[in-house]
Amino acid sequence: LERDRIFCKHGLQHCLDVARIGYILILEEGEPLDKELFYSAALLHDLGRVAQYEQEIPHHEAGKSLAALFLEKHGFSQAENDIICEAIGAHRHNAKLKRTPLAEYLHRADRLSRNCFMCSAKDRCNWREEEKNIRIDA
């Protein structure tokens, strides 16, 4: 569904970028978050994109229920499932939203994974200029 998309794509590479960037932030900032939980949330956070494109359901909402089924099937506890699904549901932009630490790192990493500075479609993107990653931060 994203093959011809001119903006940011949401495939496996994006999910891996989010996982790696987020976990680097977690380590650098000394946040005591479990690596497996964070990677699980990052790898599953855009699972609801199909529902967004085909049924116009916001992907973070659709992704929560799809991730819950996946996590249950693969032996995650109910507590782990709840934590991961809450993060997936809260990873989208909403300044008024109070996020758990896992959700906040997922949100930040998702935004930092965007390479707007080298995107050929950045002038047509719906993101506000102040939201775009137009430089590489060290």
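Up top is the structure these notes are about.
Definitions and limits used
Residues numbered from 1 in each chain as written. Predicted model: local features only at pLDDT ≥ 70, side-chain atom pairs only at ≥ 80, totals over all residues. Heavy atoms only, no water. Axes fitted to C-alpha atoms, helices over the stretch in contact; angles between N-to-C directions. Helix = DSSP H or I, 4+ residues; strand = E, 2+ residues; numbered from the N terminus. Parallel < 35°, antiparallel > 145°, perpendicular 65-115°, else oblique. Left-handed = near helix turned anticlockwise from the far one by under 90°. Contact = heavy atoms within 4.5 Å. Nonpolar A, V, L, I, M, F, W, Y, C, P; charged D, E, K, R; others polar. Expected span 1.5 Å × (residues − 1). Buried < 20%, exposed > 50% of the residue type's maximum accessible area, 1.4 Å probe, protein only. Polar contact = N/O pair within 3.5 Å; in protein donor to acceptor, adjacent residues only side chain to side chain.

**Student:** Give me the packing of helix H5 (residues 78–89) against helix H6 (residues 101–112): which residues, what numbers.
**Tutor:** Two quantities define a packed helix pair, namely the angle between the axes and the distance from one axis to the other. Across the interface, H5 lies against H6 with an axial gap of 8 Å and an inter-helix angle of 40 degrees. By the criterion of interaxial angle, the relationship of H5 to H6 is oblique. The handedness of the crossing between H5 and H6 comes out as right-handed. On H6, the residues touching Ile83, Ile84, Glu86, Ala87 and Ile88 of H5 are Leu102, Ala103 and Leu106. The residue inventory of the contact of H5 with H6, partitioned by class, reads seven nonpolar, no polar and one charged.

**Student:** Please set out helix H4 (residues 59–73) residue by residue, giving values where relevant.
**Tutor:** With 15 residues, H4 extends 21 Å from end C-alpha to end C-alpha; this agrees with the ideal 21 Å at 1.5 Å per step. Looking at the residues trailing H4, positive phi occurs at Gly75, about 85 degrees.

**Student:** Quick one: what's the story with the packing of helix H1 (residues 12–28) against H6, residue by residue and with numbers?
**Tutor:** Remark: H1 packs on H6, axes separated minimally by 8 Å, with the N-to-C direction vectors making an angle of 120 degrees. Judged by the angle between their axes, H1 and H6 are oblique. By crossing handedness, the relation of H1 to H6 is classed as right-handed. Together, His14, Val18, Ile21, Gly22, Leu25 and Ile26 of H1 and Tyr105, Leu106, Arg108, Ala109, Asp110 and Leu112 of H6 make up the contact between the two elements.

**Student:** Residues and numbers for the side chain of His107, please.
**Tutor:** If you trace the backbone, His107 turns up in helix H6. By relative accessible area, His107 is classed as buried at 9%. Polar contacts involving the side chain of His107 include one to the side chain of Arg99, which spans 3.3 Å.

That is the geometry; function is a separate question.
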